[in-house]
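Reading the structure
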Amino acid sequence: MLKLIKDDIFIWKGLSKNQIEKTIYLIERSPSNSFDNISGTDWNLEIDKKVYWQFLSKECLPKFKEEFCKRFNCPKMVVDNFWYQEYKKGDFHQKHIHSHCHFANVLFLKNCEINPTSILNYDIPKKYIVPGNILSFPAYRIHESKKHTSKKNKLIVSFNTNLINTLPSKPREIKYET
């Protein structure tokens, strides 16, 4: 279920315990490297090595896409990019935005309530930061993952999405008065 939690920030509650466990299982068997201040990620690895995404996109995300499109009255949502991030103690992701997409999305998988993703000028209520939930927000919103302070690794999947209007539209004529 897609829920608006603040202005333009959404939470989708949808993955089952089995789907979460299978996603974690597939990620743990995926190639990994470090990037910036994050110990484990597949950010810059080839798409065909990301087998967890095949599972997520076929088994878990169709309902998310359907509800999002219904909310915004658009016929289609496409995923632009996707990657996982595993944070070990001391890891962090500095403040940033995502360009060339409408929404940034974070799928919470494991130990995400410890130093969760934060959005500038908004503290996400802890009750929403649970495994299986997806946090969605406009990609221009500045966000970060502060220094991870736990010995338990935190695991998320991030992905960017665009809403596509496949309906034909007529250009509007804009008249300027002087």
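Placed above this text is the structure.
For every chain, the first residue of the written sequence is number 1, and numbering continues from 1 along that sequence. Selection of residues for local features in this predicted model requires a pLDDT of at least 70, selection of side-chain atom pairs for listing and counting requires 80 or more, and totals for whole chains, interfaces and linings are taken over all residues. Here the side-chain values reflect all heavy atoms present in the structure, with hydrogen atoms and water set aside.

1. Quick word on the packing of helix α1 (residues 17-28) against helix α2 (residues 51-72)
- Interaxial distance between α1 and α2 falls to 8 Å at its minimum, and their mutual angle equals 160 degrees. In terms of orientation, α1 and α2 fall into the roughly antiparallel class. Every pair of crossing elements has a handedness; the one defined by α1 and α2 is right-handed. Mapping the contact onto sequence places Gln19, Lys22, Thr23, Leu26 and Ile27 in α1 and Val51, Tyr52, Phe55, Leu56, Glu59 and Cys60 in α2.
- Note that Gly is not counted as nonpolar here; it falls among the polar residues with everything else outside the nonpolar set of Ala, Val, Leu, Ile, Met, Phe, Trp, Tyr, Cys and Pro and the charged set of Asp, Glu, Lys and Arg. For the contact of α1 with α2, the class distribution of residues is 7 nonpolar, 2 polar and 2 charged. Think of each axis as a best-fit line through the C-alpha atoms, taken over the contacting stretch in the case of a helix, with angles from 0 to 180 degrees between the N-to-C directions. The way it works is that DSSP assigns letters per residue, a run of H or I at least four long becomes a helix, a run of E at least two long becomes a strand, and they are numbered from the N terminus. Each angle gets one of four labels, with under 35 degrees taken as roughly parallel, over 145 as roughly antiparallel, 65 to 115 as roughly perpendicular, and the rest as oblique. Take the far helix as the reference: if the near one is turned anticlockwise from it by less than a right angle, the crossing is left-handed, and if turned clockwise, right-handed. Residues are treated as being in contact if the distance between any of their heavy atoms lies within 4.5 Å.

2. A look at the environment of Pro138
- Tracing the sequence through the fold places Pro138 in strand β9 (residues 133-138).
- On the basis of relative accessible area, Pro138 is assigned to the buried category, the value being 7%.
- Filtering out sequence-adjacent residues up to four positions away, Pro138 remains in contact with Asp8, His102, Phe103 and Ala104. Working definition: with a 1.4 Å probe on protein chains only, accessible area under 20% of the residue-type maximum means buried, over 50% means exposed, and in between means partly exposed.

3. Some remarks on the packing of aromatic side chains
- Two rings from Phe, Tyr or Trp (for Trp, the six-membered ring) form a pair when their centres are within 6.5 Å of each other. A pair whose planes differ by under 30 degrees is stacked, one over 60 is edge-to-face, and the rest are tilted. Here the structure, examined in full by the defined rule, presents 13 aromatic pairs.
- A ring pair is formed by Trp53 and Phe159, whose centres lie 5.5 Å apart and whose planes are at 55 degrees; its orientation type is tilted. Of this pair, Trp53 sits in helix α2 while Phe159 sits in strand β11 (residues 154-164); the two residues are 106 residues apart in sequence, bridging distant segments of the chain.
- Taking relative accessible area as the criterion, Trp53 reaches 8% and is therefore assigned buried.
- Overall, the relative accessible area of 1% leaves Phe159 in the buried class.
- Aromatic side chains Phe72 and Phe103 sit 5.5 Å apart centroid to centroid with 55 degrees between the ring planes, which places their arrangement in the tilted category. One end of the pair, Phe72, is in helix α2; the other, Phe103, is in strand β7 (residues 103-110), with 31 residues separating them in the sequence.
- Put simply, the rings of Phe10, Trp12, Trp53, Phe64, Phe68, Phe72, Phe82, Phe103 and Phe159 touch in pairs and so form one group of aromatic residues.

4. Section: the pairing of strand β2 (residues 9-13)
- Of all 5 residues in β2, 4 are buried, a share of seventy percent or more.
- When DSSP locates at least two bridges between a pair of strands, those strands are taken to pair. By the bridge criterion, 4 bridges tie strand β1 (residues 2-6) to β2 in an arrangement that is antiparallel. If you follow Leu2 over to β2, its bridge partner there is Trp12.
- Relative to β9, β2 runs antiparallel, the two being bridged by 4 bridges. Paired with Ile11 across the bridge in β9 is Leu135.

5. Some remarks on α2
- In this scheme, a helix's expected span is set at 1.5 Å multiplied by one less than its residue total. Compared with the 32 Å implied by 1.5 Å per residue over 22 residues, the 30 Å span of α2 between its first and last C-alpha is a close match.
- In α2, a bend of some 65 degrees at Leu61 exceeds every other bend along the element, and Pro62, a proline, comes one to four places later.
- The set of residues buried in α2 consists of Tyr52, Trp53, Phe55, Leu56, Cys60, Leu61, Phe64, Glu67, Phe68 and Cys69.
- After α2 finishes, the residue Asn73 shows a positive phi value of roughly 50 degrees. To get the bend at any residue, fit one axis to the seven residues that end at it and another to the seven that begin at it, then take the angle between the two axes.

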